[in-house]
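Listed below are the residues making up each chain.
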Amino acid sequence: MTTTVLLLLQSFAGIAGAGLWLGAGFSAGSPAAGPSRRERMTVLALAAGGTIALAAAAAIAVVLAGRGWWFAGEKIVVGVPLQLVGLVASRVGIVWWLRGSRVLLARTLMLGGAYAMTAAVLATWLVGYPPQPVATAVLAAAVVLATGLTWALLGHRGRRATAGFAGLLAVLLVGAAGWSWLSDTAAPTIEASGQHLHGPSAPTGGDPAVAVTALRTPDDAPGEVHAVELTASRHDVTLASGERVEAWGFGGDTVAGPELRVTEGELVEVSLENRDIDDGVTVHWHGYDVPNGEDGVAGVTQDALAPGERFTYRFIADEPGTYWYHTHQASSEGVRRGLYGMLVVEPEGGVAESLDLALPVHRIGGEVVIGATDGLQSFTAEEGEAVRLRVANTEQSPIRVTLAGAPFRVAAVDGRDLSGGEALEHRSVRLGAGARADLVFTMPAEAVRFETDLSAASVVVIAPPGAGAGADADETARVPREVTDVPELDLLAYGEGARPELGRFTAEADLVLDRLPRFVGGAPDYAYAVNGAVFPHIAPIEVREGDVVKITIANRGFDVHPMHVHGHHVLVLSRDGVAATGAPLWLDTVDVRPGEVWELALIADNPGIWMDHCHDLSHAAAGMMMTLAYEGVTTPFEHDGHGNRPE
Ligand code: C2O
Ligand code: CU
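Here is what the cut-offs are and how they apply
Residues numbered from 1 in each chain as written. Chains lettered and ligands numbered in written order. Predicted model: local features only at pLDDT ≥ 70, side-chain atom pairs only at ≥ 80, totals over all residues. Heavy atoms only, no water. Helix = DSSP H or I, 4+ residues; strand = E, 2+ residues; numbered from the N terminus. Buried < 20%, exposed > 50% of the residue type's maximum accessible area, 1.4 Å probe, protein only. Contact = heavy atoms within 4.5 Å. Areas by Shrake-Rupley, 256 points an atom, 1.4 Å probe, with all protein chains shown as cover. Lys, Arg positive; Asp, Glu negative; His and termini not counted. Charge placed at Lys NZ, Arg CZ, Asp CG, Glu CD. Core = buried A, V, L, I, M, F, W, Y, C linked by side-chain atoms within 4.5 Å. Expected span 1.5 Å × (residues − 1). Bend = angle between axes of the 7 residues up to and from the residue. Pairing = 2+ DSSP bridges. Axes fitted to C-alpha atoms, helices over the stretch in contact; angles between N-to-C directions. Phe/Tyr/Trp six-rings, centres within 6.5 Å; stacked < 30°, edge-to-face > 60°. Lys NZ or Arg CZ within 6 Å of the ring centre and 35° of its normal. 1 Å grid on protein atoms, 1.4 Å probe; cavity = no way out; pocket = protein on both sides within 12 Å on 5 of 7 lines; lining within 4 Å. Points joined across faces, edges and corners; volume = space filled by probe spheres on them. Nonpolar A, V, L, I, M, F, W, Y, C, P; charged D, E, K, R; others polar. Domains from an automatic or database assignment. Buried area = accessible area lost by both parts, 1.4 Å probe. Salt bridge = Lys/Arg side-chain N within 4 Å of Asp/Glu carboxyl O. Polar contact = N/O pair within 3.5 Å; in protein donor to acceptor, adjacent residues only side chain to side chain.

### A word on the overall build of the protein chain
Part 1 of the argument: Scanning the protein chain for helices and strands turns up 9 helices and 33 strands.
Part 2 of the argument: On the principal axes, the C-alpha backbone points of the protein chain span a range of 95 × 60 × 50 Å.
Part 3 of the argument: In the protein chain, buried positions account for 54% of the 647 residues.
Part 4 of the argument: Partitioning the intrachain contacts of the protein chain with sequence separation of at least 6 by distance along the chain shows that 76% fall at a separation of at least 24.
Part 5 of the argument: Roughly 25,600 Å² of accessible area belongs to the protein chain as shown, and the carbon and sulfur atoms make up 57% of that amount.
Part 6 of the argument: One way to put it: in the protein chain the 43 positive side-chain charges average out to a point 18 Å from where the 76 negative ones average out.

### A short note on the nonpolar core
Part 1 of the argument: Ranked by internal contacts, the top residues of the largest apolar core, which has 79 residues, are L389, V410, L439, F441, F450, L511 and I541.
Part 2 of the argument: Apart from residues no more than four positions distant in its own chain, I541 is found in contact with A509, L511, V549, I551, D612, M626, T627, L628 and A629.
Part 3 of the argument: Judged by nonpolar contacts, the second largest core, of 26 residues, contains A232, L272, F311 and Y325.

### Quick look at helix α3 (residues 69–99)
Residues separated by three or four positions in an α-helix point in the same direction, a consequence of the helix having 3.6 residues per turn.
Part 1 of the argument: An ideal rise of 1.5 Å per residue puts 45 Å on 31 residues; α3 measures up with 43 Å between its terminal C-alpha atoms.
Part 2 of the argument: Along α3, the largest kink reaches about 40° and is centred on I76.
Part 3 of the argument: Two residues or fewer past α3, G100 is found with a positive phi of approximately 80°.

### Concerning the sheet that holds strand β5 (residues 267–274)
Part 1 of the argument: The strand order across the open sheet built from 4 strands is β3-β2-β5-β7, with neighbouring strands paired in mixed fashion. Strand pairing shows two members of the sheet lacking a second neighbour, β3 (244–249) and β7 (310–316), which therefore form its edges. Averaged over all adjacent pairs, the angle separating strand axes in this sheet is 25°, with direction ignored.
Part 2 of the argument: Strand direction decides the pairing type here: strand β2 (residues 225–238) and β3, joined by 6 bridges, are antiparallel. By the bridge assignment, R234 is partnered in β3 with W248.

### Considerations on the packing of aromatic side chains
Part 1 of the argument: The final tally for this structure, using the stated rule, is 9 aromatic pairs.
Part 2 of the argument: Considering the side-chain rings of Y288 and Y323, the 4.9 Å spacing of their centres and the 85° angle between planes classify their relative orientation as edge-to-face. Placement of Y288 in the loop between β6 (284–286) and β7 and of Y323 in strand β8 (residues 321–326) is noted, with a sequence separation of 35 residues between them. Both residues of the pair, Y288 and Y323, belong to the buried class.
Part 3 of the argument: Put simply, the rings of F250, W285, Y288, F311, Y313, F315, Y323 and Y325 pair up and form one aromatic cluster.
Part 4 of the argument: The ring of W96 carries R102 above its face, with NZ or CZ at 4.1 Å from the centroid.

### Quick look at the layout of surface pockets
Part 1 of the argument: Taken as a whole, the largest pocket holds about 850 Å³ of empty space.
Part 2 of the argument: Along the wall of the largest pocket there are 32 residues; nearest its centre are L126, A135, W179, S180 and R518.
Part 3 of the argument: Elements represented by at least two residues in the lining of the largest pocket include exactly α4 (103–126), α5 (133–154), α6 (159–185), β21 (507–520) and β22 (523–530).
Part 4 of the argument: Classifying every residue of the lining of the largest pocket by side-chain character gives 23 nonpolar, 6 polar and 3 charged.
Part 5 of the argument: Mapped onto the domain boundaries, the lining of the largest pocket takes at least three residues apiece from domain 1 (3–175) and domain 4 (497–634).

### A few points about the domain arrangement of the protein chain
Accessible area lost upon the coming together of the parts is a frequently used measure of interface size.
Part 1 of the argument: Taken domain by domain, the protein chain comprises domain 1 (3–175), domain 2 (215–350), domain 3 (351–489) and domain 4 (497–634).
Part 2 of the argument: Carbon and sulfur atoms make up 46% of the surface buried where domain 3 meets domain 4, a total of about 1,200 Å² over both sides.
Part 3 of the argument: If you sort the residues of domain 3 by the area they bury against domain 4, Q396, D414 and R430 come out on top, with a joint share of 38%.
Part 4 of the argument: For the interface between domain 3 and domain 4, the tally reads 3 salt bridges.
Part 5 of the argument: Remark: the boundary between domain 3 and domain 4 carries 8 residue pairs in polar contact (both at pLDDT 80 or more).
Part 6 of the argument: In terms of residue class, the side of domain 3 that touches domain 4 is made up of 5 nonpolar, 4 polar and 6 charged.

### Examining the pairing of strand β24 (residues 548–555)
For a regular strand, side-chain orientation follows a simple rule: the groups alternate between the two sheet faces.
Part 1 of the argument: Counting buried positions along β24 gives 7 out of 8 residues, so the element sits mostly inside the fold.
Part 2 of the argument: Of the strand pairs in this sheet, β21 and β24 are connected by 7 bridges, and their pairing is parallel. From the neighbouring strand, A509 faces β24, where its bridge partner is I551.
Part 3 of the argument: Note: β24 against strand β30 (residues 597–603), 7 bridges, orientation antiparallel. In the strand pairing of β30, A554 is matched with V597.

### Description of the pattern of salt bridges
Part 1 of the argument: One pass over the structure, following the stated rule, counts 34 salt bridges.
Part 2 of the argument: Across the pair R645 and E647 runs a salt bridge, and its minimum N-O distance is 2.4 Å.
Part 3 of the argument: You can call R645 partly exposed: its relative accessible area is 31%.
Part 4 of the argument: Overall, the relative accessible area of 8% leaves E647 in the buried class.
Part 5 of the argument: One salt-bridge network, held together by shared partners, links E259, R261, E346, E353, D356, R388, R390 and D438.

Have a look at this one:
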């Protein structure tokens, strides 16, 4: 059974147990003549059902703990004890009630026990992981006060007693909400504190602090300058389908920004101007490991550019591969509206394939835009020629893509070559939000279709000259898509090559992904949390230069979280306890599905304060952002100051 199913079953069993015991408590009346036979049978049946359900909940919690403590911590430490206390109280109550003695106390105990069981269910959301002591104490106190209130009501103890308990309960709940709101206004934690460093490398306090603004590409960096101008502006675009969208873009009159193609060894200089994006704009080089000060994150590495402002990014093109760029200011809206484009760093000797297309896959105005346009696009390649498609998922959720008509290889993922991958046929490749894959094939005599699972109409057809296939868009849209019914490739088992020796781990971090009620930016939200907290209050992954960091990500929630770390790639060690066996897989975006546990290695070789967040940007905006922070690095920029909103 999958971990996700177990999580669901555990909650259902807990809800059923609490519900049945609540039913038993409410069914137990206090007639003067003692309970009738029928009343006894009802109460006993409900109680028996409730007890069985609670036993199941506890058993499943134990199984979950076997899958990883992250999935069961608060259930075992808080939930099961609350259920046990509730069960004991309710049982004592039921025995007294059956005997007809101390009936008021008996009924109060039965209901109070059921409240404790209810609190056990709520603990999963209110206490979360790691179990938070304050939330646990609030829950326990609420159970006690609600039980007191019940006693006052059932026993007709008068207005004062009732109002007293009700008032205390209200004060407790309002106080808890206020405390939660206050912790949301606390100082952000995006710099390293020096207190969370693991391993033998205790802080020496030796290194002087360095600001992110000093971590820029040096003025005298080598390489021939490759200058680019990007202008961010609002512009309406009419797509090939006729759909008109109110887009924001980085220039040109298409949805995606200009494709930046540079050559290994060049010094890239991108001058960004914000013409009229009122929310502000930056450029972040997704997957490209630039120096920290060039990373383009509003509120962390720079201020967002207001209309009329400029910023110049500089970096050396020394990592050939497929990347993309996008705004990192109000990005959940900006990227969706089109503030993105492709960045391709060609290897020094040039690209081996004769046709090389960069294809960001995006959705806007209900249409699926591949490259710069929706609908059918055709390209030609001579039979026998090699073709490379650089596919990027610029969407918020995972996509599947495939090539129909030719065997293909996945030659690279997230800008890093994959060695020794076999040719694939009738396979799809899954790309998490933000991820890229380079698909390479040899042109056959007939047309080849690039398909995504997002749309039957938006396809790219590559055919030899004169083969004619794909000329008719309507007909093309009618061809059954392969992508929706072929199996997915598992990249962890694809290709071959020895895993690089990274040395001993010197730092460690666990990231437990969850969905919890929290305050985000001052407003209550059913937020996306890491380790029980939301941005900017999630404790950073703290490292020092040279660390080899083991990162474990566990997803307790029911959403997919494409976790993206800036400035670094991570080497995949294992997923759900199964070691990666294919070619070394270096990713910048790790698509963590519900219930999954990924173990990753990161080499801390690029000092700075780096965002680490979910690339479902709506999740990022709802809290799921944190930093990978090097000890001693500081930032003068402020989240929220200057209107900076990286999410
Ligand atoms: Cu693609 Cu933090 O970004
Ligand atoms: Cu997410």
